[in-house]
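Structural description and commentary
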Amino acid sequence: MTYKPFKEDEMPDNVEDSNDVQKAPEGTPAGGGLLVIIVHEAEDVEGKYHTNPYARLLFRGEERKTKYVKKNRDPRWDEEFQFPLDEPPTNDKLHVEVVSVSSRMGLLQEVLGYVDIKLADVVTNRRINEKYHLIDSKNGKIQIELQWRTS
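Residues numbered from 1 in each chain as written. Predicted model: local features only at pLDDT ≥ 70, side-chain atom pairs only at ≥ 80, totals over all residues. Heavy atoms only, no water.

**Focus on the overall build of the protein**
Counted only if it meets this: Helix numbering and strand numbering both begin at the N terminus, where a helix is a DSSP run of H or I of at least 4 residues and a strand a DSSP run of E of at least 2. Buried, partly exposed and exposed residues are distinguished by accessible area as a fraction of the type maximum, computed with a 1.4 Å probe on protein chains only: under 20%, between the cut-offs, and over 50%, respectively. Any pair of residues with heavy atoms lying within 4.5 Å of one another is described as a contacting pair.
Scanning the protein from N- to C-terminus turns up one helix and eight strands. Tracing the protein from N to C terminus, the helices and strands come up as β-β-β-β-β-β-α-β-β. Expressed as a percentage of its 151 residues, the buried residues of the protein come to 43%. Pairs at least 24 residues apart make up 62% of the contacts formed inside the protein by residues separated by at least 6 positions.

Below, the structure written as C-alpha cells:
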C-alpha cells in the first residue's frame, strides 16, 4: 500500500468541511437561530458513594438531562439538545453538571462536578468542540460541542 497525499488542486469538491455548521430550521426568526449542545463524554468523574453519571444542562431556566450510565467513570453520552432562540445567546451562560444517581439509596444524587460556559464564543465561531475541566472534581473533564445555527 502506498500513501499518496492530495495536491491542493486535486482535492475533491464534495468533501465536507467538518467545521461546517448546518443551517437553522425553517421558521427561525431573523436574527435568531438554533443553539445546539452535544454532550459527548466525561472523563475521570468519581463520586464518594457511587458513580452512575448523567449530565444536566441548565440554560435560561430550562433543564435537560442525558441518560445515566451505570458504574462508569468515563461515560459516553453523545446526546444532542436544541434550543431555538429569538436572538444570539451572546450574554448567556450554559451551566452543565455531571450528577451521579443511586437507585438503591432512594435516588440519592451527588454532583460530581460542574462547568459554566459563556456562549459569546459560539456565536462568534459558530462551532466549538472542547473539553472543560469540571469544577469541584479532582480530575474530571467533560467534552461538549456547541453550535450556533442561523438561517
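**Considering the pairing of strand β5 (residues 93–102)**
Rules: In this scheme, strands are said to pair when DSSP sees at least two bridges between them.
Counting buried residues in β5 gives nine out of 10 residues, a clear majority hidden from the surface. Examined bridge by bridge, strand β2 (residues 53–59) and β5 share six bridges and lie antiparallel to one another. When the bridges of β5 are listed, Leu58 appears paired with His95. Taken together, the 10 bridges between β5 and strand β6 (residues 108–118) define a ladder with antiparallel strand orientation. For Ser102, the partnering residue across the bridge sits in β6 and is Leu108.

**Details of the pattern of salt bridges**
Selection criterion: For salt bridges, the criterion is a side-chain nitrogen of Lys or Arg within 4 Å of an Asp or Glu carboxyl oxygen.
For the coordinates displayed, the defined rule picks out 14 salt bridges. A salt bridge links Arg56 to Glu63; the shortest N-O distance between them is 3.7 Å. The exposure class assigned to Arg56 is buried, which follows from its relative accessible area of 19%. Judged by its relative accessible area of 41%, Glu63 falls in the partly exposed class. Residue Arg60 pairs with Glu87 through a salt bridge whose shortest N-O separation is 3.5 Å. Remark: Glu87 occurs in the loop between β4 (76–85) and β5 and Arg60 occurs in the loop between β2 and β3 (62–65); sequence separation between them is 27 residues.

**Things to note about the environment of Val96**
Here Val96 lies in strand β5. Taking relative accessible area as the criterion, Val96 reaches 0% and is therefore assigned buried. Separated by 37 residues in the primary sequence, Val96 and Phe59 place their C-alpha atoms 8.8 Å from one another. Dropping the residues within four chain positions of it, Val96 is found in contact with Arg56, Leu57, Gly113, Tyr114, Val115, Ile142 and Ile144.

**Topic: the nonpolar core**
Rules: Here, nonpolar core refers to any group of buried Ala, Val, Leu, Ile, Met, Phe, Trp, Tyr and Cys residues whose side-chain atoms link them within 4.5 Å.
Residues Leu35, Ile37, Leu94, Ile142 and Leu146 are the most contacted members of the largest nonpolar core, which totals 29 residues. Those elements giving two or more residues to this core turn out to be β1 (33–43), β2, β4, β5, β6, α1 (120–125), β7 (127–133) and β8 (141–149). Those residues within four positions of Leu35 in sequence are excluded, and the remaining contacts are Phe59, Phe81, Gln82, Phe83, Leu85, Leu119, Val122, Gln147 and Trp148.

**Looking at the sheet that holds β2**
The following threshold applies: Note on geometry: axes are lines fitted to C-alpha atoms, helical ones only across the stretch in contact, with angles between N-to-C directions running from 0 to 180 degrees.
In space, the four strands of this open sheet follow the order β3-β2-β5-β6, with antiparallel pairing throughout. Of all the strands in the sheet, just β3 and β6 have a single pairing partner and so form its edges. Across the sheet, the mean angle from the axis of one strand to that of its neighbour is 20 degrees, orientation sign disregarded.

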